[in-house]
Amino acid sequence: MAKFYVRNEKSQESGEFELLESTLGAPVVDISGFKAKVGAYTYDNGFTETASCQSAITYIDGAKGELLYRGYPIEELAEKKNYIEVCYLLLHGELPNSDEYESFERDIRTKSYPHEGIKYLFRAFPDNGHPMAILSSAVSALSAFHHQHLNIKDDEEFMEMARRIIAKIPTIAAYTYRHSMGYPLIYPDMDRYFTENFLYMMRAFPTGKTQIRDVEVRALDKIFMLHADHEQNASTTTVRAVGSTGAHPYAAVVAGINALWGRAHGGANESVIAQLQMIGSVENVDKFIKKAKDPNDPFRLMGFGHRVYKNFDPRARVLKKLRDELRETIGISSKLIEIADRVEEIALNDEYFVKRNLYPNIDFYSGTILEALGIRKKMFTPIFVIGRTVGWITHLIEQKKDPKQKIYRPRQRYIGKTKRSVP
Ligand code: CMC
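Here goes a summary of the coordinates provided. Note that the coordinates shown come from a computational prediction; the quantities given were computed from them, not determined experimentally.

Re the overall build of the chain
Logical step 1: A count of helical and extended segments in the chain gives 18 helices and six strands.
Logical step 2: Against the compact-globule benchmark of 22 Å for 423 residues, the chain has a radius of gyration of 23 Å, which places it among compact chains.
Logical step 3: Referenced to the eigenvectors of the C-alpha coordinate spread, the extents of the chain come out at roughly 80 × 60 × 55 Å.
Logical step 4: A buried classification covers 48% of the 423 residues belonging to the chain.
Logical step 5: For the chain, the accessible area works out to roughly 21,400 Å², and carbon and sulfur atoms hold 50% of it.
Logical step 6: Charged side chains in the chain number 58 positive and 54 negative. The centres of these two groups are separated by 7 Å.

Here's the deal with the nonpolar core
Logical step 1: Tyr83, Phe198 and Val343 are the most contacted members of the largest nonpolar core, which has 113 residues in total.
Logical step 2: The element best represented in this core is helix α7 (residues 155-181), accounting for 13 residues.
Logical step 3: Setting aside chain neighbours within four positions, we find phenylalanine 198 in contact with Pro170, Ala173, Ala174, Leu220, Phe224, Met379, Ile383 and Ile386.

Things to note about the sheet that holds strand β1 (residues 3-7)
Logical step 1: With antiparallel pairing, the three strands of this open sheet are ordered in space as β1-β2-β3. In this open sheet, the two edge strands, each paired with only one partner strand, are β1 and β3 (28-30). Each strand of the sheet is rotated relative to its neighbour by a mean of 40 degrees, with strand direction disregarded.
Logical step 2: When β1 meets strand β2 (residues 14-20), the two strands line up antiparallel, connected through five bridges. Its bridge partner being in β2, tyrosine 5 is matched across the sheet by glutamate 16.

A few points about the site of the ligand
Logical step 1: Around the ligand, 19 residues are found, and the nearest of them are His265, Arg300, Leu301, Gly303 and Tyr352.
Logical step 2: Contact between the ligand and histidine 306: an oxygen atom at 3.5 Å from a side-chain N or O atom of the residue.
Logical step 3: Burial of the ligand by the protein amounts to 72% of the accessible area it has alone, namely 940 Å².
Logical step 4: Within the shell around the ligand, the residues separate by chemical class into eight nonpolar, six polar and five charged.

Calculation notes
Residues numbered from 1 in each chain as written. Predicted model: local features only at pLDDT ≥ 70, side-chain atom pairs only at ≥ 80, totals over all residues. Heavy atoms only, no water. Helix = DSSP H or I, 4+ residues; strand = E, 2+ residues; numbered from the N terminus. Rg over C-alpha atoms; globule rule 2.2 N^0.38 Å. Buried < 20%, exposed > 50% of the residue type's maximum accessible area, 1.4 Å probe, protein only. Areas by Shrake-Rupley, 256 points an atom, 1.4 Å probe, with all protein chains shown as cover. Lys, Arg positive; Asp, Glu negative; His and termini not counted. Charge placed at Lys NZ, Arg CZ, Asp CG, Glu CD. Core = buried A, V, L, I, M, F, W, Y, C linked by side-chain atoms within 4.5 Å. Contact = heavy atoms within 4.5 Å. Pairing = 2+ DSSP bridges. Axes fitted to C-alpha atoms, helices over the stretch in contact; angles between N-to-C directions. Near = heavy atom within 4 Å. Polar contact = N/O pair within 3.5 Å; in protein donor to acceptor, adjacent residues only side chain to side chain. Nonpolar A, V, L, I, M, F, W, Y, C, P; charged D, E, K, R; others polar.

Here you go:
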């Protein structure tokens, strides 16, 4: 086994550490016992160089712009599979055969009704509350209705817990939206496929026919799939941190929802559209690009840049193609898309963005597609939540099954006052 040596010049201590190979990508140095051997802790602001766990779910090569779910390239999955097949793949490690798919998909449909008690929560919220705030509260309440999931012992119980939350999240998200609009809450329709059912719950009224086109279902299904997992991002790491304390799995998911809300993470999809609206016209694009490049201006171009991708985000590539297809099939075209095209054109050729490898990310394209599907901006991040829930829950299961799993408890470099007496 390869070794890694560290020497502390100050204390003259030195240590030998194992270099652990990965099946793909860089090896990692196992720094267990680092402080005891070399008399110091490591410091890694924002965890840019630290692997917090071992995982066999998703692989990203940021330099190449590659994303694999259980070894399968995201582009191929988006071409050949649907979201529910991908959920099965993430949870079980392999794609389902037709019997496995049928039983999994049926189970998700039948679990889509939350307990009736969940509905009463909505009365307590103001109509104009942000859907992410309401969604996280409602999912938190869900843990009170399914407390048996605190004591999971076997695979079947893990899967039951996972299928239950995957199935109920779209219903709760749709309730959240309908409440914010003052519309009656609509129950799931168990005759419909997952994604069609979500669009139905968003659009339907107690009477009258609900129009949902296949092309819309396919587009939203791809959006869910592309958001399904992304290894140790901020929200997944949050889910693992909360899960490591032994909290209820749905409470850990709620922590993920709240971490996702931020503009630097899942909240970016809503911010992209808000920013395009603020830019207002193609003529104003140059002015805003200049602001984004100004080191003294906190303004950032939303939907650009990524911690891991230093090349085109492969999810963005799939969505860009999807957006162009939708332009032809459902004729989407809007002033916002014209502004977005101009932003993209300038940024991809501008030295500031090129030098820093700032490419459009998934959120740059998802917003314009969701808008074309008639979904309101404030629901964009809840849609990210629907897609990502399977990823969070899969990581939680992987973590819970790991016999070496420990409570997350990082160290710090203390830079405060030294010990002093109270006067
Ligand atoms: N606009 C202008 N400059 C930028 C941007 C941007 N969107 N993103 C990064 N930079 C600059 C940054 O100012 C810095 O410049 P300098 O080296 O001169 O100081 C350099 O690029 C490196 O940036 P960083 O902040 O150190 O990079 P990071 O890895 O810490 O941050 C990020 C990644 C995604 C938070 C950041 O690129 C950003 O804020 N982007 C806009 C928000 C966004 O679109 N978020 C969605 C991410 S994808 C979906 C998801 O995974 O949730």
